[in-house]
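These are the residues of each chain, in order.
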Amino acid sequence: SFVVSAIFIGIFKLRKYSFDMIFVFQTSPVFVGIPSSLIAFIKKCPQVFYVLDLWPETLTALGIIKSKWQLLIIRNIVKLIYSRCDLILVQSKKFVKEIKKYSKNKVLYFPAWVESEFINSPKGLAKEITCRENIFTIMFAGNIGKAQDFESLLKAAEYLVNNYFIKFRIIIIGEGSEKEWLIKEVKEKKLNNFFKILGRYPLNSMPSFFSHADVLLVSLSNKDVFNMTIPGKIQTYLASGKPIIGMLNGEGANIIRESKAGYTCNSGDYKELAKLIIKMSK
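Residues numbered from 1 in each chain as written. Predicted model: local features only at pLDDT ≥ 70, side-chain atom pairs only at ≥ 80, totals over all residues. Heavy atoms only, no water.

Draft legend 1. Seen up close, the overall build of the protein. When helices and strands are counted, the protein shows 13 helices and 10 strands. For a compact globule of 282 residues, the expected C-alpha radius of gyration is about 19 Å, and the protein comes in at 21 Å, within 12% of that figure. Out of the 282 residues belonging to the protein, those deemed buried represent 49%. Roughly 15200 Å² of accessible area belongs to the protein as shown, and the carbon and sulfur atoms make up 55% of that amount. Charge centroids of the protein, computed over 40 positive and 23 negative side chains, lie 4 Å from each other. (Helix = DSSP H or I, 4+ residues; strand = E, 2+ residues; numbered from the N terminus. Rg over C-alpha atoms; globule rule 2.2 N^0.38 Å. Buried < 20%, exposed > 50% of the residue type's maximum accessible area, 1.4 Å probe, protein only. Areas by Shrake-Rupley, 256 points an atom, 1.4 Å probe, with all protein chains shown as cover. Lys, Arg positive; Asp, Glu negative; His and termini not counted. Charge placed at Lys NZ, Arg CZ, Asp CG, Glu CD.)

Structural data, given as structure tokens:
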């Protein structure tokens, strides 16, 4: 509906205006580039496209699209959108090569940043979380989806409970397609005492939640497209000044290691994640 309304209503509302440039912030889906390309053509102005999510690679990695003919259609749409761009910016260096498969236009690495409302927010302590100084607190903030591999996180929690004498809790802040599944799994695996699953909160309230954390967690499944992607939460985590544990491969893991901000293990390696939690707690 956005694509249709942006084309017809958007062109009508912008009919009296002229522009120096159209800048597109492309998270997902890539179809946001259809109306922007058309408007750029009509207004005869350059278009800059900032790619934060690779399409159609993300769709295939999550198993959303398996049909070859559907994939071909989306690839052609992506190619058409990129061809209408004067400059393409990408959030990961690994994206450059992938984008150039579709377009010969200029592609530049442009790192994502932390919003000023996060940096300038008063910290304090979020009232939604009970202060427990004698318990090691691991916190995850962001999308609760298949890509984040919560199955491995549950396995790591079970492994800690069964093999180590450590008082810990995992606090999850966010929403997503797997949230209800996660709540159900936590209950079935009898991990209620170790997990606290909260909803979504404004970005400017995150520092007060992070103040409760001993370590911040980021995780991604082992898929080629995810290994090229830098999760947006990494920049926010770094800005918080808290140590990070990453269960992911590729570019995201490289940033954590290069910045000396924490420890990483391979995607899906729940035993190593458990060991890193023990190591960090000491």
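Draft legend 2. Region of interest: the packing of aromatic side chains. One pass over the structure, following the stated rule, counts 15 aromatic pairs. Centre to centre, the rings of tyrosine 159 and tyrosine 270 are 6.2 Å apart; their planes meet at 80 degrees, and the pair counts as edge-to-face. Here tyrosine 270 lies in helix H13 (residues 270-281) and tyrosine 159 lies in helix H7 (residues 150-163), a separation of 111 residues in the sequence. Summarising the aromatic geometry, the rings of phenylalanine 210 and tyrosine 237 are spaced 5.8 Å apart at their centres and angled 80 degrees between planes, so their arrangement reads as edge-to-face. (Phe/Tyr/Trp six-rings, centres within 6.5 Å; stacked < 30°, edge-to-face > 60°.)

Draft legend 3. Representation of the packing of H7 against helix H8 (residues 179-188) within the structure. One can describe the packing of H7 onto H8 by two numbers: an axis separation of 11 Å at closest approach and a directional angle of 20 degrees. Comparing the axis directions of H7 and H8 gives the class roughly parallel. Relative to H8, H7 is oriented so that their crossing is right-handed. Touching Phe150, Glu151 and Leu154 of H7 are Trp181, Leu182, Glu185 and Val186, all from H8. Here the residues of the contact of H7 with H8 sort into 5 nonpolar, no polar and 2 charged. (Axes fitted to C-alpha atoms, helices over the stretch in contact; angles between N-to-C directions. Parallel < 35°, antiparallel > 145°, perpendicular 65-115°, else oblique. Left-handed = near helix turned anticlockwise from the far one by under 90°. Contact = heavy atoms within 4.5 Å. Nonpolar A, V, L, I, M, F, W, Y, C, P; charged D, E, K, R; others polar.)

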